[in-house]
Amino acid sequence: MFILSHPTGNQNMRHTALALHEAGVLAEAWTCLAFDPQSAFTSLMPRALREELLRRSFPSELRPRLHTRPWREAARLLCKRLGWKTASRHETGWCCVDAVYRDLDQRIAKRLTQRDDLSAVYAFEDGAADTFAAARALGLRTVYDLPIGYWRAFDDICRSEQELAPAWAVTLGGTQDSAQKRARKDAELAQADVIVVASQFTASTLKRYPGKLAEVHVVPYGAPTPSPEPRTWSTTGPLRVLYVGSLSQRKGMSYLFEAIGSLGNDIAVTVVGSRVADCPALDQALAAQTYHPSLAHGRVLELMRSHDVLIFPSLFEGFGLVITEAMSQGMVVITTPHTAGPDVINDGLDGFIVPIRDAGAITERLDRLRRDRDLLVHMGEQALTAARQREWKSFRHDLRQALSLP
């Protein structure tokens, strides 16, 4: 029997919980906020709040095993909305992301001593150190989920990028982590009996870990069920291009804008994503595009159905869920090998894999699709077929196999 924990309860955590539940081994699933979309108050909420909370909803079959620790995370979201930065300041604020993760980690460590029917714990990066220490003292198996590449490998990318694109360096998140936070990450890895990652790229970054590691299992995430609505692509006029993700240089933003800039009016570009820092270069680039700072997940999927190509030129990614989401809506995805692209895309058949930092390669693929609309339609259809073969049930099946569960 497992206890599973993740503070924000994201999509991959929910499907991990479902995988354990389907195997009959989920004792408890812990998160901070869990919203019931059937609540009588749902329709009375402001739209923005409702959309935020709907991201924290869980399948009904998990609710009997679901436990929450809401107050610190609720305070963090409130401070963010009100612009109160002191309480949520990086690493040191009472309700910063790090404090939220540590608080739930400590709660789970205590919880392990209160049950005598457990055999394992499943925890995620930054929220596992105390849990794993308590679990090992009790003789429990520790499963560690690393959702993004290892921090030392990220530092390597950041140092290079600060020299190559200094105007965008301010948007590189994660470079301000303290030595204590990085040591905590390493302590989590050292205490893991099993490590689960979502892409071959993430697995490759663990070569930078200085010690011995447990066995690493690559289990790619799933895709949403494709829409039953007929899909059409642009057969005339500008190619409709979309980017979805945070506006960080980690995502390769400067190379995205360099690539699309050379095609002018031959493409129509929409950008969806939140800013991570004040960046004049970003402001200038966004001024020429259709820009949405944030959209509900359902609206993003609608946009994907009305666009032809997703560009996701990330320099450092754990997976990139927008890749499989876009494929499930019939989009041709252009991405890099530093994502899950090589795990889920057949290069040249249902999408394109281009080198990182290569704006010219992105431009060439876009221009090829712009000129050859039959190729665009064919690749979009192939992307839909590939997505149908990798829905979330495939992830749950593969995860159970990796953990030797029924």
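Keep in mind the model is a prediction, meaning the values are calculated, not measured.

Undergrad: Explanation requested: the overall build of the protein chain in the structure shown.
TA: The helix and strand inventory of the protein chain stands at 16 helices and 13 strands. Here the C-alpha atoms of the protein chain give a radius of gyration of 21 Å, agreeing with the 22 Å that 2.2 N^0.38 yields for 406 residues. In terms of its C-alpha atoms, the protein chain occupies a principal-axis envelope of roughly 65 × 50 × 45 Å. Residues classed as buried in the protein chain amount to 57% of the 406 residues present. Looking at the protein chain alone, contacts between residues at least 24 apart form 67% of all its contacts between residues at least 6 apart. If you sum the accessible surface of the protein chain, you get close to 17,500 Å²; carbon and sulfur atoms cover 51% of it.

Undergrad: Looking at this structure, how should I read the nonpolar core?
TA: Soluble globular proteins tend to pack their nonpolar side chains together in the buried interior. Core analysis: the biggest nonpolar cluster contains 87 residues, and Phe257 and Leu366 have the highest contact counts within it. Non-local contacts of phenylalanine 257, meaning those with residues more than four positions away in its chain, are made with Trp168, Val271, Leu282, Ala285, Leu286 and Gln289. Leu112, Ala135, Tyr150 and Leu206 belong to the second-largest nonpolar core, a separate cluster that totals 27 residues.

Undergrad: So what exactly am I meant to see when it comes to helix H5 (residues 129–137) here?
TA: In an α-helix, one full turn covers 3.6 residues, which means residues spaced three or four apart are oriented alike. Residues of H5 that are buried include every one of Ala129, Thr131, Phe132, Ala134 and Ala135, and no others. Close packing links the buried residues of H5 with helix H4 (97–112), strand E4 (120–124), strand E5 (141–146) and helix H7 (179–190). Just downstream of H5 lies glycine 139, where phi reads positive at about 75°.

Undergrad: What is the right way to read the packing of helix H9 (residues 253–261) against helix H14 (residues 359–371) from this model?
TA: For any two helices packed against each other, one specifies the crossing angle of their axes together with the interaxial distance. At a minimum axis distance of 8 Å, the contact between H9 and H14 shows a crossing angle of 45°. Relative to H14, H9 is oriented oblique. In this structure, H9 crosses over H14, and the sense of that crossing is right-handed. Of the residues in H14, those touching H9 at Tyr255, Glu258, Ala259 and Ile260 are Ala359, Ile362, Thr363 and Leu366. Counted by class, the contact of H9 with H14 contains 6 nonpolar, 1 polar and 1 charged residues.

Undergrad: Mind showing me how you'd approach the sheet that holds E4 here?
TA: Adjacent strands of a sheet pair through backbone hydrogen bonds, lying either parallel or antiparallel. As summarised here, the arrangement of the 7 strands in space is E3-E2-E1-E4-E5-E6-E7, forming an open sheet in which the pairing is parallel. Strand pairing shows two members of the sheet lacking a second neighbour, strand E3 (66–68) and strand E7 (215–218), which therefore form its edges. In this sheet, adjacent strand axes meet at a mean angle of 20° when their direction is disregarded. Looking at chain direction, E4 and E5 are connected through 5 bridges and run parallel. Counterpart to valine 121 in the pairing with E5 is threonine 142. Here H4 sits on the sheet in contact with strand E1 (2–5), strand E2 (26–31) and E4, set at roughly 155° to E2.

Undergrad: What am I meant to see in the sheet that holds strand E11 (residues 309–312) here?
TA: Taken together, 6 strands build an open sheet; the order of strands is E10-E9-E8-E11-E12-E13 and the sheet is parallel. Only two strands of the sheet have a single partner each, and these edge strands are strand E10 (290–292) and strand E13 (351–353). Each neighbouring strand pair of the sheet contributes to a mean axis angle of 20°, computed without reference to strand direction. Where helix H15 (residues 373–388) meets the sheet, its contacts fall on strand E8 (239–244), E11, strand E12 (332–335) and E13, and the angle it forms with E12 comes to roughly 90°.

Undergrad: Teacher, can you tell me more about the pairing of E11 here?
TA: The side chains of a regular strand alternate between the sheet's two faces. Neither face of E11 is exposed, since Val309 and Ile311 on one face and Leu310 and Phe312 on the opposite face are all buried. Sheet topology places E11 next to E12; 4 bridges connect them, and they run parallel. Bridged to leucine 310 within E12 is valine 333. In the classification by handedness, the crossover that spans E11, the intervening helix H12 (residues 321–328) and the parallel E12 is right-handed.

Undergrad: Can you walk me through the packing of aromatic side chains in this structure?
TA: The geometry of an aromatic ring pair comes down to the distance between the two centres and the angle between the two planes. Summed over the entire model, instances satisfying the criterion amount to 12 aromatic pairs. When the centroid spacing of 5.8 Å and the interplanar angle of 55° are considered together, the rings of tyrosine 150 and tryptophan 151 count as tilted. With relative accessibility at 1%, the residue tyrosine 150 sits in the buried group. Consider the rings of phenylalanine 154 and phenylalanine 316, whose centres lie 5.1 Å apart with planes at 40°: the pair is tilted. Taken together, the residues span a long stretch of sequence, with phenylalanine 154 in helix H6 (residues 151–164) and phenylalanine 316 in the loop between E11 and H12 at a distance of 162 residues. For the pair formed by phenylalanine 154 and phenylalanine 316, the shared burial category is buried. Members of the aromatic cluster, joined through ring pairs, are Tyr221, Phe319, Trp392 and Phe395.

Undergrad: How should the environment of glutamate 51 be read in this particular structure?
TA: Here glutamate 51 lies in helix H2 (residues 47–54). Residue class for glutamate 51 comes out partly exposed when judged on its relative accessible area of 22%. The spatial distance from the C-alpha of glutamate 51 to the C-alpha of leucine 118 is 35 Å, given a sequence separation of 67 residues.

Undergrad: So what exactly am I meant to see when it comes to the packing of H14 against H15 here?
TA: Look at H14 against H15: their axes get within 5 Å of each other, and the N-to-C directions meet at 105°. The angle between H14 and H15 places the two elements in the roughly perpendicular class. Contacts between H14 and H15 involve Arg368, Leu369, Arg370 and Arg371 from the first element and Arg373, Leu375, Leu376 and Met379 from the second. Its residues assigned to classes, the contact of H14 with H15 shows 4 nonpolar, no polar and 4 charged.

Undergrad: How should the pairing of E7 be read in this particular structure?
TA: As paired strands, strand E6 (residues 194–197) and E7 are joined by 4 bridges and run parallel to one another. The residue of E7 that forms the bridge with valine 194 is glutamate 215.

Thresholds, definitions, all that
- Residues numbered from 1 in each chain as written.
- Predicted model: local features only at pLDDT ≥ 70, side-chain atom pairs only at ≥ 80, totals over all residues.
- Heavy atoms only, no water.
- Helix = DSSP H or I, 4+ residues; strand = E, 2+ residues; numbered from the N terminus.
- Rg over C-alpha atoms; globule rule 2.2 N^0.38 Å.
- Buried < 20%, exposed > 50% of the residue type's maximum accessible area, 1.4 Å probe, protein only.
- Contact = heavy atoms within 4.5 Å.
- Areas by Shrake-Rupley, 256 points an atom, 1.4 Å probe, with all protein chains shown as cover.
- Core = buried A, V, L, I, M, F, W, Y, C linked by side-chain atoms within 4.5 Å.
- Axes fitted to C-alpha atoms, helices over the stretch in contact; angles between N-to-C directions.
- Parallel < 35°, antiparallel > 145°, perpendicular 65-115°, else oblique.
- Left-handed = near helix turned anticlockwise from the far one by under 90°.
- Nonpolar A, V, L, I, M, F, W, Y, C, P; charged D, E, K, R; others polar.
- Pairing = 2+ DSSP bridges.
- Right-handed = clockwise from strand over helix to strand, strands pointing away.
- Phe/Tyr/Trp six-rings, centres within 6.5 Å; stacked < 30°, edge-to-face > 60°.

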